[in-house]
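# Reading the structure
Each chain, written out:
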Amino acid sequence: MSSVIEQIEQQIANLQNKTVATNTGKILTIGDGVAKIDGLSQVMYNEMVEFPGETIGIALNLEEDEVGVVVLGEASHLKEGDEVKCTGRLLSVPVGKGLLGRVVDALGRPVDGKGAIDSSETYPVEKIAPGIIERKSVDQPLMTGIQSIDSMIPIGRGQRELIIGDRGTGKTTIAIDTIINQANINKVGLASGDPDFRPVYSIYVAVGQKNSNVARTLGILEEKGALEYTIVVSAPAADSAANQYLAPYTGAAMGEWFMSNGMDALIVYDDLSKHAAAYRQMSLVLKRPSGREAYPGDVFYLHSRLLERSARVNENNGNGSLTALPIIETLAGDLSAYIPTNVISITDGQIFLETDLFNQGIRPAVSVGLSVSRVGSAAQIKATKQVAGKIKLELAQFRELAAFAQFGSDLDAKTKAQLDRGSRIVELFKQPAFNPIPIEQQVAVLWAMQNNYFDDIDVSKIVEASNSLREFFSSRKEGLLTSIREKAKIDDDLATELKTAVDEWKTSFN
Amino acid sequence: MTQAKQIKEFAKQLFRMSLEDGELSPERVDGVLKALEKNPPRHLLATLKAYLKFVEREVAKSTAVISHAGQLAPEIVANIKSQMEGKYGRKLDTVERDDPDLIAGLRVVVDCDVYDASIQSALSTLESSLN
Ligand SMILES: Nc1ncnc2c1ncn2[C@@H]1O[C@H](COP(=O)(O)OP(=O)(O)OP(=O)(O)O)[C@@H](O)[C@H]1O
Ligand SMILES: [Mg+2]
């Protein structure tokens, strides 16, 4: 006990001798969560400043004779003339594995009622992205568990792939499926004891969403056992524009911690349209000049500096990665609006979801023609390349020919075969929400497709058939699935085994 | 330029006219005020307010306000004055204020920099570190 007393006495002694120097200012005006400050002559851009009542703000506008500060959180107790202090620190948030399984706000404070966060490290919210020299090209797959994406628009670790589409086209679902799939892979990989296995941790940043939506997403993550590998950063619609502006950077800081410590992480920004809107609102209150669609001139920089932070770093820098799935909502499928074009130009590809497809029941409603991944097959395992190499082309041809399908029997044999194949692939790629499919099962099904096992099955029964095939494999051929996963390519032995297995299934299915 | 900006620009010009060798000169301020009275600009009140701001800021920059609880020896004031002048590289006036709230010790304010060596601030730091 006496050591505690000594400690306090020591602290008192220290304080007595110390002169504390602070740079201060006074509130000139305050409103809409933005304060104009007189003074703060030493403040840095993005520095945290302290208002009375332990309220924090960030200095965003440094002008000749005043400083524009965005107040984070409740500002109603602040008034003209109140003192503001510089802290000398850039805004930082807690980081680390202790955040997994937790829900935090834009400042990294827990909002899930599960008590304090076990984290001893903090990380600046804004940081310069890794340079060219530290980066490595993307060549390791990040499986989404969504067949159409993994086979045609593959995503690699460290890539930035945009998910874009109108309201209610399944954008969030694709991102959540991907998070669930990472958790599924983590569980298998960690249980296997493979020392080379690299788990992927996920960060889901919810910006400007209704609380009920965030709660639903959380419920799904929890139900699917994915929450324990996931950090949720939430700045809901009811939160201030400043917090909504900040939340993606907070999530990026948490993700970057994994990357810079040699681990792999995935971050979802849901969504950057609302993020841009929050930034526009803040900028209007700060009286910054506005340009196209009333966004401030630096809105491009808002997203480029965020997405630049996703990368794969090379072995000398720990070999970690941060993969980003930003989401953008379009209006009537218009990709040429300001924010969509900006973000398309920053990312390494996009998954475009179409309302028409969604309404026709083709879900996930991925548009084959308008979706690309600029990293491409470098991020696919060999087995997928072997069975899916031609599928994107086949589907694209099918879409072109589909208009002629009505001519039915008048078609030549080749066209008819292409139409038959295409319509079956479309069916095969239908997949319910929140049910990511392991890559080895995807490979088995596509192998069967490639080897014509589905050709004599009626199109309306394809979904049933592929479910039955996967069910057959996971219940009866677990060893074969494991070999596909471990070998990651189909050699002659595996091809023979696959043939025997699929033949066996086929007799039972008909 | 918006009207508010124009007024500010004008007030700034008036303020520059009030400096002599980079220091605020009471005679010049007097001259500026008299000239304003004779030829009032369109927004006299707003101009005066903006001008006052510039002058206030300048005064704050060249004044060290020393708050203290209890007696303050003249040598200490002189010492602070010379140290602060060295730090800021300019001549400073000192203003002394008795402030019992500090409990004991000193607080020196120059413009927006606060140097606090009072028991009050030590106690409040201690309090927040114990929270
Ligand atoms: N593959 C799917 N199969 C069946 N239903 C799906 C599928 N994907 C999404 N849905 C359903 O469609 C609805 C909209 O999905 P989701 O919320 O993911 O879309 P969104 O584009 O994120 O919508 P918002 O624009 O509102 O954010 C949900 O009810 C979801 O369950
Ligand atoms: Mg959504």
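All residue numbers here refer to positions counted from 1 along the written sequence of the relevant chain. Naming scheme: in the order in which they are written, chains are lettered from A and ligands are numbered from 1. In keeping with the model being predicted, local features are shown solely for residues with a pLDDT of at least 70 and side-chain atom pairs are shown and tallied solely at 80 or more, while totals for entire chains, interfaces and linings include all residues. Computation of side-chain values covers all heavy atoms of the structure but excludes hydrogens and water.

## Structural notes on the overall build of chain B
Each helix and strand counted, chain B has five helices and six strands in total. The order of α-helices and β-strands along chain B, N terminus first, is α-β-β-α-α-β-α-β-β-β-α. Radius of gyration (C-alpha) of chain B: 19 Å, far over the 14 Å computed for a compact globule of 131 residues. Taking the principal axes of the C-alpha coordinates as reference, chain B spans close to 55 × 35 × 25 Å. Taken over 131 residues, chain B has a buried fraction of 32%. By definition, residues are in contact when any of their heavy atoms lie within 4.5 Å. When contacts within chain B are restricted to residue pairs at least 6 apart in sequence, those whose partners lie at least 24 apart make up 63%. Under the convention used here, a 1.4 Å probe and the Shrake-Rupley method define accessible areas, while residue burial counts only the protein chains that appear. Of the roughly 8400 Å² of accessible surface on chain B, a fraction of 55% belongs to carbon and sulfur atoms. Residues scored as positive are Lys and Arg, those scored as negative are Asp and Glu, and His as well as the terminal groups of each chain are ignored. Taken as the charge location is NZ of Lys, CZ of Arg, CG of Asp or CD of Glu. When the 18 basic and 20 acidic side-chain charges of chain B are each reduced to a single mean position, those positions are 11 Å apart. Only DSSP runs of H or I covering at least 4 residues are called helices, and only runs of E covering at least 2 are called strands; the numbering of each starts at the N terminus. When we talk radius of gyration, it's over C-alpha atoms, and the globule rule is simply 2.2 Å times the number of residues to the 0.38. When a residue's accessible area, from a 1.4 Å probe over protein chains only, is under 20% of the maximum for its type it is buried; when over 50% it is exposed; and in between it is partly exposed.

## Overview of the domain arrangement of chain A
Residues and elements named next belong to chain A. Taken as a whole, chain A is organised into domain 1 (23–89), domain 2 (93–380) and domain 3 (385–509). Taken together, the contact pairs 13 residues of domain 1 with eleven residues of domain 2. In short, buried area is how much 1.4 Å probe accessible area vanishes from two parts on joining, totalled over both. When domain 1 packs against domain 2, close to 1000 Å² is buried across both sides, 65% of that on carbon and sulfur atoms. Three residues stand out in domain 1 for area buried against domain 2, namely Leu60, Asn61 and Leu72, and they jointly supply 38% of the buried area on that side. When a carboxyl oxygen of Asp or Glu lies within 4 Å of a side-chain nitrogen of Lys or Arg, that pair is called a salt bridge. Seen at the junction of domain 1 and domain 2, the total is zero salt bridges. In protein, a polar contact requires one atom able to donate a hydrogen and another able to accept it; more generally it is a pair of N or O atoms within 3.5 Å, and residues adjacent in sequence count only if both atoms are side-chain atoms. On inspection of domain 1 and its partner domain 2, the count reaches two residue pairs in polar contact (both at pLDDT 80 or more). Each domain's limits were defined by an automated method or a database of domain assignments.

## What about the sheet that holds strand E11 (residues 200–207) of chain A?
Residues and elements named next belong to chain A. Spatial ordering of the open sheet is given by E8-E12-E11-E13-E14-E10-E15-E16, a layout of eight strands whose pairing is mixed. Lying at the two open borders of the sheet, with one neighbouring strand each, are strand E8 (103–104) and strand E16 (372–373). Only strands joined by at least two bridges in the DSSP assignment are considered to pair. Sheet analysis places strand E13 (residues 264–270) next to strand E14 (residues 321–329), joined by six bridges and oriented parallel. Paired with Ile267 across the bridge in E14 is Ala324. Helix H8 (residues 338–346) rests against strand E10 (162–165), E14 and strand E15 (349–353) of the sheet, and its axis sits at about 155 degrees to E10. To obtain an axis, a line is fitted to C-alpha atoms, over the contacting stretch when the element is a helix, and the angle between two such axes runs from 0 to 180 degrees between their N-to-C directions.

## Quick look at the interface of chain A and chain B
Counting residues at the interface gives 19 residues for chain A and 16 residues for chain B. Each partner contributes to the roughly 1500 Å² buried at the junction of chain A and chain B, and carbon and sulfur atoms together form 52% of this total. Joining chain A to chain B, the criterion identifies three salt bridges. For the interface between chain A and chain B, the tally reads six residue pairs in polar contact (both at pLDDT 80 or more).

## Quick look at the site of ligand 1
All names here are of chain A. We call a residue near a given molecule or strand whenever any one of its heavy atoms falls within 4 Å of it. For ligand 1, the set of nearby residues contains 15 residues, the closest of which are Gly168, Lys171, Thr172, Thr173 and Gln431. Here an oxygen atom of ligand 1 sits 2.7 Å away from a polar atom, N or O, in the side chain of Thr172. A distance of 2.4 Å is found between an oxygen atom of ligand 1 and a side-chain nitrogen or oxygen belonging to Thr173. Summarising the interface, the protein chains cover 71% of the accessible area of ligand 1, which totals 620 Å² for the free molecule. Gly is placed with the polar residues, together with every amino acid not listed as nonpolar (Ala, Val, Leu, Ile, Met, Phe, Trp, Tyr, Cys and Pro) or charged (Asp, Glu, Lys and Arg). Here the shell around ligand 1 is built from residues that sort into four nonpolar, six polar and five charged. Two domains each put at least three residues into the shell around ligand 1: domain 2 (93–380) and domain 3 (385–509).

## A closer look at the nonpolar core
One finds Leu246, Phe258, Tyr269, Phe454, Phe473 and Trp505 of chain A to be the most contacted residues of the largest nonpolar core, which totals 141 residues. Contact partners of Tyr269 of chain A, with chain neighbours within four places excluded, come to Val205, Pro248, Ala252, Leu306, Leu307, Ala324, Leu325, Pro326 and Ile327 of chain A. Residues grouped as a nonpolar core are buried Ala, Val, Leu, Ile, Met, Phe, Trp, Tyr and Cys residues, joined through side-chain atoms within 4.5 Å.

## Structural notes on the confidence of the model for chain B
Residue and element names in this part refer to chain B. pLDDT: the predictor's confidence for each residue, scored from 0 to 100. Summary statistics for chain B give a mean pLDDT of 87 and a share of 98% for residues scoring 70 or more. Considering each helix and strand of chain B separately, the mean pLDDT is smallest for helix H5 (residues 119–130), with a value of 77, and largest for strand E3 (residues 63–68), with 91. This complex was scored by the predictor with a pTM of 0.86 and an ipTM of 0.72.

## Re the environment of Pro110 of chain A
Residue position: Pro110 of chain A is located in the loop between E8 and strand E9 (121–124). Along the backbone, Pro110 of chain A and Gly376 of chain A are 266 residues apart, and their C-alpha atoms lie at a distance of 38 Å.

## Observations concerning the packing of aromatic side chains
Residue and element names in this part refer to chain A. Between the rings of Phe, Tyr and Trp (Trp by its six-membered ring), a pair exists once the centres lie within 6.5 Å; its type follows the angle of the planes, with under 30 degrees stacked, over 60 edge-to-face, and the other angles tilted. Tallying each qualifying case throughout the model produces ten aromatic pairs over all chains. Judged by centre distance (5.2 Å) and plane angle (80 degrees), the rings of Trp257 and Phe258 are edge-to-face. We note that Trp257, like Phe258, is buried. Arranged with centres 6.0 Å apart and planes meeting at 55 degrees, the rings of Tyr295 and Tyr338 form a pair that is tilted.

## Considerations on helix H14 (residues 462–476) of chain A
Residues and elements named next belong to chain A. The end-to-end C-alpha separation of H14 is 20 Å, in line with the 21 Å expected for 15 residues at 1.5 Å each. For H14, the complete set of buried residues consists of Ile462, Ala465, Ser466, Leu469, Arg470, Phe472 and Phe473. Seen along its axis, H14 keeps its buried residues to an arc of 155 degrees; they face one direction. In this structure, the buried residues of H14 make contact with helix H12 (413–428), helix H13 (439–450), helix H15 (478–487) and helix H16 (492–509). Residue count minus one, scaled by 1.5 Å, sets the expected span of a helix. Think of the arc as the fan of directions from the helix axis to the C-beta atoms.

## A few points about the pattern of salt bridges
Residues and elements named next belong to chain A. Counted by the stated rule, this structure contains 33 salt bridges over all chains. Here Asp264 ties to Arg157 by a salt bridge, and the two come within 2.7 Å at their closest N and O atoms. Linking Asp264 in strand E13 with Arg157 in the loop between helix H2 (147–152) and E10, this pair joins segments that are 107 residues apart in sequence. On the basis of relative accessible area, Arg157 is assigned to the buried category, the value being 12%. Here Asp264 ties to Arg198 by a salt bridge, and the two come within 2.9 Å at their closest N and O atoms. One end of the pair, Asp264, is in strand E13; the other, Arg198, is in the loop between helix H3 (171–192) and E11, and 66 residues separate them in sequence. What makes Asp264 buried here is its relative accessible area of 1%. Connected via shared salt-bridge partners are Arg135, Arg160, Glu308 and Asp348.

## Regarding the environment of Leu78 of chain A
Residue and element names in this part refer to chain A. By secondary structure assignment, the location of Leu78 is in the loop between strand E5 (67–72) and strand E6 (83–90). Judged by its relative accessible area of 6%, Leu78 is buried. Not counting residues up to four positions away in its chain, the partners in contact with Leu78 are Ile27, Ile30, Phe51, Pro52, Thr55 and Val71.

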